[in-house]
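What follows is the residue order along each chain.
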Amino acid sequence: MLTGRCIRISASPGDIDTYPEMNNGRFWTVMDFGRYDRAFRSGLMRMAHRNGWFFVAAGGSIRYRRRTDGCFLTAHGLKGPS
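The following refers to the structure shown.

Analysis parameters
Residues numbered from 1 in each chain as written. Predicted model: local features only at pLDDT ≥ 70, side-chain atom pairs only at ≥ 80, totals over all residues. Heavy atoms only, no water. Helix = DSSP H or I, 4+ residues; strand = E, 2+ residues; numbered from the N terminus. Buried < 20%, exposed > 50% of the residue type's maximum accessible area, 1.4 Å probe, protein only. Areas by Shrake-Rupley, 256 points an atom, 1.4 Å probe, with all protein chains shown as cover.

1. Looking at the overall build of the protein
- Secondary structure summary: the protein contains 2 helices and 2 strands in total.
- Overall, the protein shows an N-to-C arrangement of helices and strands of β-α-α-β.
- Out of the 82 residues in the protein, the part that is buried amounts to 16%.
- Entry remark: accessible area of the protein is about 6700 Å², with carbon and sulfur atoms responsible for 56%.

Below is the structure:
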């Protein structure tokens, strides 16, 4: 759980906004992939399934620190703490 994890994703032309960057909806979906990956690896998903729990993001805020490179048709990896 303390090592980094790389999830390979790609964005389609429908995921690109007018600035040519990944749109906010797609970005939140990518964050969901990371949350579910962590829940599966930690055993939280198994416990949630047993108890009838669901994962809900009630709200969130993103601070964009830098622009993306504009190369969206290739696979990108997300790295972060596990």
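2. Overview of the side chain of Arg26
- In this fold, Arg26 is placed in helix H1 (residues 24–42).
- For Arg26, a relative accessible area of 17% puts it in the buried group.

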